[in-house]
Every structure is written in C-alpha cells, then in structure tokens.
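# Understanding the architecture of this molecule
Residue-level listing of the chains:
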Amino acid sequence: STQSTGNNKMRLTRFIMNTVTGVGHARDFPVMWNTPKDTSIEFPIINPAFRGEPYCFVYLQAWNNNLNNAMGLLKVDLCKETSIGWEDVNKFPVEPIFTARPGSLVEDDGVIVSPVFDSSDNSTALYVWDAKNLEVLAVVSTPIVVPFTLHGVWINGV
C-alpha cells in the first residue's frame, strides 16, 4: 500500500494479517533506499504466487518529482532494504504487471509488463523488463495511444 505522509511524499506500508487469528499489524517503510528524495510511488504489485505468503519484492510506478518529463518503475527489496529503478525522459509507464516465468519458484523470476506513453511523439509501446534487474528486454509498438493513468491486468492463456 502507498500512503501520503501529509507533505505530498509517499511511503510504503506493508500490512501483515494472520488469516487464522485475524490479528494484523502494519510496518512502514518511510525511507525509499537508493531513490531520489522527491520520489512518489503508486500501484504496488508483487508476484501473484506470493500473495498471502512471505515476500521481499514489490514493484511500483514511480514519479521523480524533480524530473517533470518522466515517470519510472521501482523494485523495492523489503527484506534487504534496497531498491533499483528505471526511468527514461518523456516516458510514462502505466501500472506495472508482474508475470512469472512458467514453473519458476523464485520470487523475482519473471518479467514486468507495462504500456509506456511517450510524450515526445504521443505514442505508446509495450515494454517488457526483467523483474530481477529492470533491464528492458523488449519494446513493442502499439497501434493506439494508451493514457499513462490507465490500470492494467495480465490474464494467462488469453
């Protein structure tokens, strides 16, 4: 979850619920490691196979408030308290989607997929990043423009 801290800065909060006892608690992560100080975050997502299970990695859409012409992606390792990111001038990724490599049991073994709006030429391309290091693996042009505020979903087998 992401929450405003009252000064337009965002922080990551992890909610942990014991589904047997119904007891839960929250852990705040007010520091975003290795990121610019004026970074805002949105659309947290994890590997769906780890929902309800212990996990380390969360992927987010990130806004560097000092760089008006770009948004990016952020991978946060909550266990090691580190992060890495991707951004490119004039590029605005939509909500990131994690897609696991079939058969993998490793939490960050897969890809992140998102349409990315390019404000320099009013176009959209589908980007595919390696979930381990956010390296761009593929960029596929699309015949339509997708607004950068749109939500996304991945459906296997369609």
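For the structure itself, look to the data block above.
Keep in mind the model is a prediction, meaning the values are calculated, not measured. (Residues numbered from 1 in each chain as written. Predicted model: local features only at pLDDT ≥ 70, side-chain atom pairs only at ≥ 80, totals over all residues. Heavy atoms only, no water.)

### Some words on the packing of aromatic side chains
- Overall, the coordinates contain five aromatic pairs when judged by the stated rule.
- On the basis of an interplanar angle of 45° and a centroid distance of 6.4 Å, the ring pair of Phe92 and Phe117 is categorised as tilted. Of the two residues, Phe92 sits in strand E8 (residues 91-93) while Phe117 sits in strand E10 (residues 110-118), which places them 25 residues apart along the sequence.
- One aromatic cluster in this structure is built from Trp86, Tyr127 and Trp129. (Phe/Tyr/Trp six-rings, centres within 6.5 Å; stacked < 30°, edge-to-face > 60°. Helix = DSSP H or I, 4+ residues; strand = E, 2+ residues; numbered from the N terminus.)

### Some words on the layout of surface pockets
- In this structure, the largest pocket spans a volume of roughly 470 Å³.
- Taken together, 20 residues line the largest pocket, and the ones lying closest to its centre are Arg14, Phe15, Ile16, Glu53 and Tyr55.
- Elements that contribute at least two residues to the lining of the largest pocket include exactly strand E2 (10-17) and strand E4 (39-45).
- Looking at which element gives the most residues to the lining of the largest pocket, the answer is E2, with six residues.
- When its residues are assigned to classes, the lining of the largest pocket shows 12 nonpolar, five polar and three charged. (1 Å grid on protein atoms, 1.4 Å probe; cavity = no way out; pocket = protein on both sides within 12 Å on 5 of 7 lines; lining within 4 Å. Points joined across faces, edges and corners; volume = space filled by probe spheres on them. Nonpolar A, V, L, I, M, F, W, Y, C, P; charged D, E, K, R; others polar.)

### Quick notes on the pattern of salt bridges
- With the rule as written, the count across this model stands at four salt bridges.
- When the shortest N-O distance is used, the salt bridge between Asp118 and Lys91 registers 2.9 Å. Residue Asp118 is located in strand E10, and its partner Lys91 is located in strand E8; the two are separated by 27 residues in the primary sequence.
- By relative accessible area, which is 13% here, Lys91 ends up buried.
- Of the charged contacts in the structure, one is a salt bridge between Asp108 and Lys132, with a shortest N-O distance of 3.0 Å. (Salt bridge = Lys/Arg side-chain N within 4 Å of Asp/Glu carboxyl O. Buried < 20%, exposed > 50% of the residue type's maximum accessible area, 1.4 Å probe, protein only.)

### Overview of the state of the cysteines
- All chains considered together, the criterion is met by one disulfide.
- Between the sulfur of Cys56 and that of Cys79 lies a disulfide, 2.1 Å long from S to S. Residues Cys56 and Cys79 are joined through a disulfide that is left-handed, its torsion about the S-S bond being -90°. Remark: Cys79 occurs in the loop between strand E6 (71-77) and strand E7 (82-87) and Cys56 occurs in the loop between E4 and strand E5 (57-64); sequence separation between them is 23 residues.
- By relative accessible area, which is 19% here, Cys56 ends up buried.
- A residue is classified by how much of its surface remains accessible, and Cys79, at 48% relative accessible area, is partly exposed. (Disulfide = S-S within 2.5 Å.)

All quantities given are derived from atomic positions and should not be read as evidence of function.
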